[in-house]
Amino acid sequence: MATAVEYLLPLDEKWEFPRGYLTLGKHLGEGEFGTVVQGEAIGILEENVITTVAVKMLKDSHSDSDMIDLVKEMEVLKLIGAHENVLRVLGCCTQNGPLLIITEFAQYGNLLHFLRKRHYFIYKNTSEMLAEHTLLTFALQVARGMEYLASKKCVHRDLAARNILVSHVFVLKIADFGLARNIQSKEYYKKKTKGRLPVKWMAPEALTHLLFTIKSDVWSYGILLWEILTLGGVPYPAFTDMGKLIKDLKSGYRLEQPSNCSSKTYNLMRECWHYLPEERPNFSSIAQELCEMLPSEVLDQHASENFWSNSNESNSSNTKSESNFSSTESEYNSSYTESESSSSDNENEVDNLLP
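The structure presented is a predicted model; accordingly, all values stated were derived computationally and were not measured. In every chain, residue numbers begin from 1 and rise along the written sequence. Where local features are concerned, this predicted model is filtered to residues with pLDDT of at least 70; where side-chain atom pairs are given and counted, the filter is 80 or more; whole-chain, interface and lining totals use all residues. Side-chain numbers come from the whole structure's heavy atoms, not from hydrogens or water.

A. Representation of the overall build of the protein in the model. Helix numbering and strand numbering both begin at the N terminus, where a helix is a DSSP run of H or I of at least 4 residues and a strand a DSSP run of E of at least 2. Within the protein, the secondary structure is distributed over 13 helices and 13 strands. Three exposure classes are used, based on accessible area relative to the maximum for each residue type with a 1.4 Å probe and protein chains only: buried under 20%, partly exposed in between, and exposed over 50%. With 355 residues in all, the protein has 53% of them scored as buried. Entry remark: accessible area of the protein is about 16800 Å², with carbon and sulfur atoms responsible for 49%. Only the protein chains shown count as covering a residue, and every accessible area follows the Shrake-Rupley method with a 1.4 Å probe.

B. Inspection of the nonpolar core at higher detail. Leu111, Tyr221 and Leu290 are the most contacted members of the largest nonpolar core, which totals 81 residues. The leading source of residues in this core is helix α4 (residues 128-151), at 11 residues. Once residues within four sequence positions are removed from consideration, Leu111 is found in contact with Phe138, Ala161, Ile164, Val166, Leu172, Leu224 and Ile228. Counting 12 residues, the second largest nonpolar core, distinct from the first, contains Val37, Ala41, Val53 and Ile102. Here the nonpolar core consists of buried residues drawn from Ala, Val, Leu, Ile, Met, Phe, Trp, Tyr and Cys, with membership extended through side-chain atoms lying within 4.5 Å. When checking whether two residues touch, look at their non-hydrogen atoms; a contact exists if any pair is within 4.5 Å.

C. Structural view of the environment of Asp66. Assignment of secondary structure puts Asp66 in helix α1 (residues 64-80). Along the backbone, Asp66 and Gly34 are 32 residues apart, and their C-alpha atoms lie at a distance of 8.2 Å. When sequence neighbours within four positions are dropped, the list of residues in contact with Asp66 reads Phe33 and Leu58. Within the structure, the side chain of Asp66 is placed 2.9 Å from the backbone nitrogen of Ser63, a separation counted as a polar contact. Under this definition, polar contacts are N or O atom pairs within 3.5 Å; protein pairs additionally need one hydrogen-donor-capable and one acceptor-capable atom, and for neighbouring residues in sequence, both atoms have to be side-chain atoms.

D. Spotlight on the pattern of salt bridges. Note on definitions: salt bridges are taken to be side-chain nitrogens of Lys or Arg within 4 Å of carboxyl oxygens of Asp or Glu. Evaluation of the coordinates by the stated rule reveals eight salt bridges. In this structure, the salt-bridge partner of Glu30 is Lys59, at a minimum N-O distance of 3.3 Å. Taken together, the residues span a long stretch of sequence, with Glu30 in strand β1 (residues 22-30) and Lys59 in the loop between β3 (50-58) and α1 at a distance of 29 residues. Accessibility expressed as a relative area gives 21% for Lys59, which makes it partly exposed. Put simply, Glu104 and Lys173 hold a salt bridge, and the shortest N to O gap is 3.4 Å.

E. Spotlight on a nonpolar patch on the surface. Together, Tyr21, Ile42 and Ile50 give the surface a local cluster of nonpolar side chains, amounting to about 310 Å² of exposed area. Note that Ile50 resides in strand β3. Exposure above 30% relative accessible area and no salt bridge define the residues that can form patches, which grow by joining like charges within 9 Å and nonpolar side chains of Val, Leu, Ile, Met, Phe, Trp and Tyr within 5 Å.

F. Seen up close, helix α9 (residues 283-293). Turning to α9, its buried residues number three or more, namely Phe283, Ile286, Ala287, Leu290 and Met293. Viewed along the axis of α9, the buried residues span an arc of 125°, placing them on a single side of the element. One side-chain oxygen at the N-terminal end of α9 lies 3.2 Å from the backbone nitrogen of Ser284; it belongs to Asn282. Throughout, the arc means that of the directions going from the helix axis to the C-beta atoms.

G. Quick peek at the sheet that holds β3. If you trace the five strands from one edge of the open sheet to the other, you get β1-β2-β3-β5-β4, paired in antiparallel fashion. Each edge of the open sheet carries a strand with a single partner, namely β1 and β4 (89-93). Mean inter-strand twist for the sheet, computed between neighbouring axes without regard to direction, equals 30°. Judged from the four bridges that link them, β4 and strand β5 (residues 100-104) form a sheet pairing that is antiparallel. By the bridge assignment, Cys92 is partnered in β5 with Ile101. When DSSP finds two or more bridges between two strands, those strands count as paired. Note on geometry: axes are lines fitted to C-alpha atoms, helical ones only across the stretch in contact, with angles between N-to-C directions running from 0 to 180 degrees.

H. Seen up close, the packing of helix α6 (residues 214-229) against helix α8 (residues 263-272). Relative orientation of the contacting elements α6 and α8 amounts to 150°, with a least axis distance of 7 Å. As far as their axial angle goes, α8 and α6 are roughly antiparallel. Crossing of α6 against α8: the hand is left-handed. Residues Val218, Trp219, Tyr221, Gly222, Leu225, Trp226 and Leu229 of α6 pack against Thr265, Leu268, Met269 and Cys272 of α8. Only Asp, Glu, Lys and Arg are considered charged in this grouping, and only Ala, Val, Leu, Ile, Met, Phe, Trp, Tyr, Cys and Pro are considered nonpolar; every other residue, Gly among them, is considered polar. Taken together, the residues that form the contact of α6 with α8 break down as nine nonpolar, two polar and no charged. Put simply, angles under 35 degrees are roughly parallel, angles over 145 are roughly antiparallel, angles from 65 to 115 are roughly perpendicular, and the rest are oblique. The crossing is said to be left-handed when, going from far helix to near helix, the turn is anticlockwise and less than a right angle, and right-handed when the turn is clockwise.

I. Highlighting the packing of aromatic side chains. Pairing of aromatic side chains requires ring centres within 6.5 Å, counting the rings of Phe and Tyr and the six-membered ring of Trp. Pairs whose planes differ by under 30 degrees are stacked, by over 60 edge-to-face, and all others tilted. Going through the model one piece at a time under the given rule, you end up with eight aromatic pairs. Taking 6.1 Å as the distance between ring centres and 55° as the angle between the ring planes, the aromatic pair formed by Phe114 and Phe170 counts as tilted. With Phe114 in helix α2 (residues 111-117) and Phe170 in the loop between β7 (164-166) and β8 (172-174), the pair connects residues that are 56 residues apart, well separated along the chain. Note on Phe170: relative accessible area 3%, which makes it buried. Residues Tyr221 and Phe283 carry aromatic rings whose centres are separated by 5.8 Å and whose planes lie at 85° to one another, so their mutual orientation is edge-to-face.

That's the geometry; what it means functionally is another story.
Take a look at the structure:
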């Protein structure tokens, strides 16, 4: 197995950051092949100013394909550019050492854990309507971020609460572009290699044909919206047989309406879960619909910030909330499975599914 220094990556002067100005700190999290640590970067945003950042790198046990995937993720982040609700790459270290991707730091971690830890506060200290409206401001932020990604012809392919980060003043950032693909040349991406995929968040055409479009991201957004309204629930908890799930989805089965979720919000989820991709809304219309559902006082950034600040203080005295969930990280991990198209040789059938 090659070590990190044996990979020769081209120098991109626009993004290259000197290693000597970067200090690595505590461990923040890890995935199947990568790990993320907190760091401090001198001068990355402003000369001589220290900025807290997140740094993504490969594990020591990585393979060559893992390295290729991390490079692809880095290039996607560079192409995307800046948007308030998308995690921004600040720089990278590609020369004379392991590959490091430097991004914005999100102090509250991922949305899944953020919601689970505040479950007690949200429904014990607020009215049901205020709780739903406040949660929908999160959904609106993600919709705006995805609207931007769609404008950049970027298909995320792994949109889920675990891949949304909560940053300063509770601004949400779409993150984890390890599965993302650019579709500038055509309107879809057809996966042709095996690999772990988030099956419980995937649209039917992605499950059956490994066909990914912006409209398959819309389906995943509907699952994410359900996660937000259930404060971190696990979708399809009773399903372990993915073949049965695919069959039931084709027959019309969908996730049930969460408690404390209005009919309007659930109808929006169902719109995202149309079996035919062309029947699903786009992210612009989703964002517009959410804006129309929310009162102006809830849309105010300061009101939302005050709400979540109070929940953060309350959380310190209510540590039992996350344990109320029967779901565990192992259940989320089991939602990924090795991909293998059920009709990979039938290109005509795939083309018929295109929106």
